[in-house]
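Structural overview
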Amino acid sequence: MSEHFDLVVIGGGPAGYGSALYAASAGLNVALVERGKLGGTCLNVGCIPAKELLETATVVRTVKRAGEYGVIVEPKKVDWEITLQRKRDVVAKLVGGVGQLLKGRKVTVYDGTGTLGANRQVTVVGADGEQVTISGDVVVLASGSVPRIIPGFEPDGNVVVSSDEFFEIPHVPQNAVVIGGGAIGCEFASTLADLGSRVTILEALPKILPGCDPDITREVQRSFKKKGIDIHTGQQVHGHTRSATGTTVSFGDGESIDTNLVVVSVGRAPYTENLLGSGNAVAVSDGGFVEVDEMYRTAEDSVWAIGDSIDTAQLAHVAFAEGICVVKEILGENPSPVDYSRIPWAIYCDPEVAFAGLSEEAATEAGYDVAISKHRFTGNSRAMILDDTAGMVKIVAEKRADGTAGQILGVHMVGPWVTEQLSGAYLAVNWEATVDEVAEFIQPHPTLTELFGESVLALTGRSLHG
Ligand code: NAI
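All of the points below concern the structure found in this document.

A word on the overall build of the protein
Within the protein, the secondary structure is distributed over 13 helices and 22 strands. Relative to the 2.2 N^0.38 estimate, which gives 23 Å for 466 residues, the radius of gyration of the protein is 24 Å and therefore close to what a compact globule would have. Counting only C-alpha atoms and orienting by the principal axes, one finds that the protein spans roughly 70 × 65 × 45 Å. Counting over 466 residues, the protein shows a buried share of 49%. Considering only contacts within the protein whose residues lie at least 6 apart along the sequence, 63% involve residues at least 24 apart. Per element, the accessible surface of the protein, about 21300 Å² overall, is 51% carbon and sulfur. Computed over 36 positive and 59 negative side-chain charges, the inter-centroid distance for the protein is 7 Å.

Right, here's the structure in full:
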């Protein structure tokens with residue numbers, strides 16, 4: 001007799017462990033199958049280690065400016081092994097924490113590769129070849145994603161790395177070429193440049209961070225240039241030729257660049273290897289994504305799929321939200337699916353980027369007449385104290401027929417700690433709040449978030465400092 005559960009989850013990343021924890025907190029008897037480490041990409045080779053290394057970069061910047069504050073710190077040197085060890089320690093604590101949480105909620109964790117068969121039976125094969133079969137009233141597939149690879153740029157873990165290997169590079173390279181200027185590429189480029197590498201970004205599209213409002217991208221580009229990052233947009237890479245010290249990357253119209261390290265960050269592909277056996281109707285698209293309807297239902301009865309393996313925004317916090325939605329659905333609570341046009345985005349390069357809702361372009365395309373307010377951190381007292389005044393807040397609001405600003409449609413931020421400042425703006429966008437309503441809220445002084453308050457206030461036609 002195979003063991004039976006209310007819910008079997010395949011995959012222990014944010015989508016999988018999130019839905020397991022949420023379901024267990026609602027009283028369901030849950031099994032979680034994971035073939036690698038709990039925490040998935042996010043904790044092990046994604047969000048967390050990326051932010052950890054970015055924090056080392058922040059400390060380097062702070063130390064560089066310490067003299068301005070009368071703090072004399074000499075000599076300045078990065079010990080990369082200590083940096084890596086700190087990152088490993090933080091990751092290990094968080095991975096252990098997920099294990100403890102699952103244990104605390106009596107989720108049964110199976111260590112192995114789970115394959116869905118017929119009648120919601122899941123076969124789990126451990127690393128030692130040992131096999132067990134379990135089943136669930138419902139099954140949630142959350143098998144995640146892997147880095148996309150460009151043919152000819154297969155990672156060797158030494159000179160060519162993807163985000164999987166980046167977090168264990170043995171030293172900070174003198175030169176680095178980052179292929180792809182999306183969120184991952186910009187975070188890695190920013191880290192390496194602050195740590196002293198000479199960085200070049202090669203991006204195929206006409207601009208880096210293609211999903212961002214153009215005003216925000218321009219600001220990042222300006223700051224990156226100041227750090228010495230070379231940005232080549234509209235460039236295709238063709239291949240690379242290894243040398244004694246690194247490799248030569250050819251790109252564009254016969255151009256080339258010598259480098260010690262190539263970082264490939266051109267997106268992530270859904271991972272479904274060994275996920276689906278025979279006897280079920282779960283379908284996979286041409287792009288490799290598990291196919292789901294708007295409530296994350298696959299074509300197989302009582303089997304759902306969430307997270308990076310479905311064709312939605314590949315973000316940990318989105319995966320959590322999808323997991324909660326599915327569990328509520330299982331419990332018959334009639335939840336609303338995630339509104340992807342209003343999810344929060346946070347990119348942790350320096351300067352940070354954070355936004356929610358429509359860009360100016362998207363709002364206009366959607367048929368809105370828009371009212372825009374843009375305010376810079378230059379005059380913000382806290383930013384001045386931090387000596388970090390690059391950046392801005394841009395509000396996109398609906399312009400009413402009488403010319404006044406109405407509903408806040410989107411908020412776009414770039415600058416110091418904006419990833420921590422987005423939540424108020426996110427609430428405003430998702431609550432469909434108007435400029436007049438939000439303008440009444442008080443922002444504490446002195447804070448960076450005053451800039452959001454001032455930007456909203458300015459849209460009422462009056463202002464304080466803005
Ligand atoms: P991405 O899709 O955001 O960006 C990849 C970039 O590579 C695009 O700008 C694309 O035009 C470019 N590109 C593709 N092929 C290329 C080629 N052959 N040559 C040059 N450029 C090329 O993917 P990314 O940055 O790898 O991130 C993967 C996923 O993880 C994304 O969904 C992203 O949203 C998510 N993520 C989010 C983070 C955040 O929000 N802080 C951090 C890291 C990842």
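After presenting the structure, the write-up continues.
Concerning the sheet that holds strand S21 (residues 392–399)
Taken together, the five strands give an open sheet; going across it, the order is S18-S19-S22-S21-S20, and neighbouring strands pair in antiparallel fashion. What marks the edges here is a single partner per strand, and that holds for strand S18 (345–347) and strand S20 (370–376). Along the sheet, successive strands turn relative to each other by an average axial angle of 15°, direction set aside. Direction of pairing for S18 relative to strand S19 (residues 352–357): antiparallel, over a ladder of three bridges. Pairing of Ala-346 across the sheet is with Ala-354, part of S19.

Digging into the pattern of salt bridges
Tallying each qualifying case throughout the model produces 24 salt bridges. Across the salt bridge formed by Arg-297 and Asp-293, the nearest N and O atoms sit 2.8 Å from each other. When salt bridges with common partners are traced through the structure, they connect Asp-213, Asp-215, Arg-218, Glu-360, Lys-374 and Lys-394 into a single cluster.

With respect to the pairing of strand S13 (residues 247–251)
Looking along a regular strand, one sees side chains alternate from face to face of the sheet. Here S13 shows a buried face lined by Thr-247, Val-249 and Phe-251 and an unburied face lined by Thr-248 and Ser-250. Of the pairings in the sheet, the one linking strand S12 (residues 237–242) to S13 comprises five bridges and is antiparallel in character. Looking across to S13, one finds that Gly-239 is bridged to Ser-250. Here S12 folds back onto S13, and the loop between the two strands holds four residues. Here five bridges tie S13 to strand S14 (residues 255–259), and the two strands are oriented antiparallel to one another. Looking at the pairing, Phe-251 lines up with Glu-255 of S14. Hairpin connection from S13 to S14: three residues lie between these consecutive antiparallel strands, with Gly-252 at a positive phi of about 55°.

What to know about the packing of helix H1 (residues 14–25) against helix H8 (residues 316–330)
Closest axis-to-axis distance for the H1/H8 pair is 8 Å, and the angle between their directions is 40°. Our classification of the angle between H1 and H8 gives oblique. Seen from above, H1 lies across H8 with right-handed handedness. Where H1 abuts H8, its residues Pro-14, Ala-15, Tyr-17, Gly-18, Ser-19, Tyr-22 and Ala-23 lie against Ala-316, Ala-319, Phe-320, Gly-323, Ile-324, Val-327 and Lys-328. Here the contact of H1 with H8 is built from residues that sort into ten nonpolar, three polar and one charged.

How each quantity is defined
Residues numbered from 1 in each chain as written. Predicted model: local features only at pLDDT ≥ 70, side-chain atom pairs only at ≥ 80, totals over all residues. Heavy atoms only, no water. Helix = DSSP H or I, 4+ residues; strand = E, 2+ residues; numbered from the N terminus. Rg over C-alpha atoms; globule rule 2.2 N^0.38 Å. Buried < 20%, exposed > 50% of the residue type's maximum accessible area, 1.4 Å probe, protein only. Contact = heavy atoms within 4.5 Å. Areas by Shrake-Rupley, 256 points an atom, 1.4 Å probe, with all protein chains shown as cover. Lys, Arg positive; Asp, Glu negative; His and termini not counted. Charge placed at Lys NZ, Arg CZ, Asp CG, Glu CD. Pairing = 2+ DSSP bridges. Axes fitted to C-alpha atoms, helices over the stretch in contact; angles between N-to-C directions. Salt bridge = Lys/Arg side-chain N within 4 Å of Asp/Glu carboxyl O. Parallel < 35°, antiparallel > 145°, perpendicular 65-115°, else oblique. Left-handed = near helix turned anticlockwise from the far one by under 90°. Nonpolar A, V, L, I, M, F, W, Y, C, P; charged D, E, K, R; others polar.

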